[in-house]
Amino acid sequence: MKHWAMIDEVPTENVRASTTSGLRATWLCDWNEGFAPIGNTERVRITLQQYTPGGDHKPHQHESLEQVYIMVKGTGRMHIGDEEFDAVPGMMIYVPAKTDHYIVNIGDDELVHYLININLGDEKPPSDPRA
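Since this is a predicted model, take the numbers as computed values, not measurements. Position numbers for residues start from 1 in each chain and track the written sequence from start to end. Only residues with pLDDT of at least 70 get local features here, since the model is predicted, and only at 80 or more are side-chain atom pairs given and counted; chain-wide, interface and lining totals rely on the full set of residues. Remark: hydrogens and water are excluded; side-chain values derive from all non-hydrogen atoms of the structure.

**What about the overall build of the protein?**
In step 1: Summing up its helical and strand segments, the protein has zero helices and nine strands in all.
In step 2: Its C-alpha radius of gyration of 14 Å places the protein within 12% of the 14 Å reference for a compact globule of 131 residues.
In step 3: Seen along its three principal axes, the alpha-carbon backbone of the protein occupies a region of about 40 × 30 × 30 Å.
In step 4: Three labels apply to residues, based on accessible area from a 1.4 Å probe with only protein chains included: buried if under 20% of the type maximum, exposed if over 50%, partly exposed otherwise in between. Residues classed as buried in the protein amount to 41% of the 131 residues present.
In step 5: A contact between two residues is defined here by any heavy atoms of the two lying within 4.5 Å. In the protein, once contacts between residues fewer than 6 apart in sequence are set aside, the share between residues at least 24 apart is 63%.
In step 6: Element-wise, carbon and sulfur atoms account for 51% of the exposed surface of the protein, whose accessible area totals about 7200 Å².
In step 7: Charge assignment in this entry is limited to Lys and Arg as positive and Asp and Glu as negative, and neither His nor the chain termini are counted. In this description, the location of a charge corresponds to atom NZ of lysine, CZ of arginine, CG of aspartate or CD of glutamate. Of the charged side chains in the protein, 11 are positive and 20 negative; the average position of the first set lies 5 Å away from that of the second. Each helix is a run of DSSP H or I of at least 4 residues and each strand a run of E of at least 2, with the numbering of both proceeding from the N terminus. Taken over C-alpha atoms, the radius of gyration is set against a globule rule of 2.2 Å times the number of residues to the power 0.38. Each accessible area is a Shrake-Rupley estimate made with a 1.4 Å probe; only the visible protein chains count as cover when residues are assessed.

Pasting the structure below:
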């Protein structure tokens, strides 16, 4: 298992899942061997996500994942349960498991954040996060 990676050397790809629009992602660390430069972790997945203006992730929830967003650039409208707020650079956002959430890029620039997923279950989630 590789224990390090240079973020700017990891390929970024368009995400074509039905739950997103305008999203490009860089998978940095994953619980699946060979999917990201740092693979086969026990419970952690880390991605760098970039949304074009107007891009979004549709409302969804995760049965056995907690998430932490670390906002880097742009302005997004974050929805977590009944709460709604602007997500701005320097902000860290926690999303509990089993909680509806989504984000929309409401700015004129790209929205960029790191997303840390922590798997709480005994089973690893599906191998391809793009699905």
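**Here we look at the nonpolar core**
In step 1: Counting residues in each nonpolar core, the largest one holds 18 residues, and the members touching the most others are Y69, M71, M78, I93 and I103.
In step 2: Those elements that place two or more of their residues in this core are β2 (20-29), β4 (65-73), β5 (76-80), β6 (83-87), β7 (92-95) and β9 (111-119).
In step 3: Counting residues per element, this core draws most heavily on β2, which supplies three residues.
In step 4: Ignoring sequence-local partners within four residues, the contact set of I103 consists of Y51, G55, D56, H57, M71, G76, R77, M78, A87 and L111. Nine residue types can take part in a nonpolar core, namely buried Ala, Val, Leu, Ile, Met, Phe, Trp, Tyr and Cys, and a core is a set of them joined through side-chain atoms within 4.5 Å.

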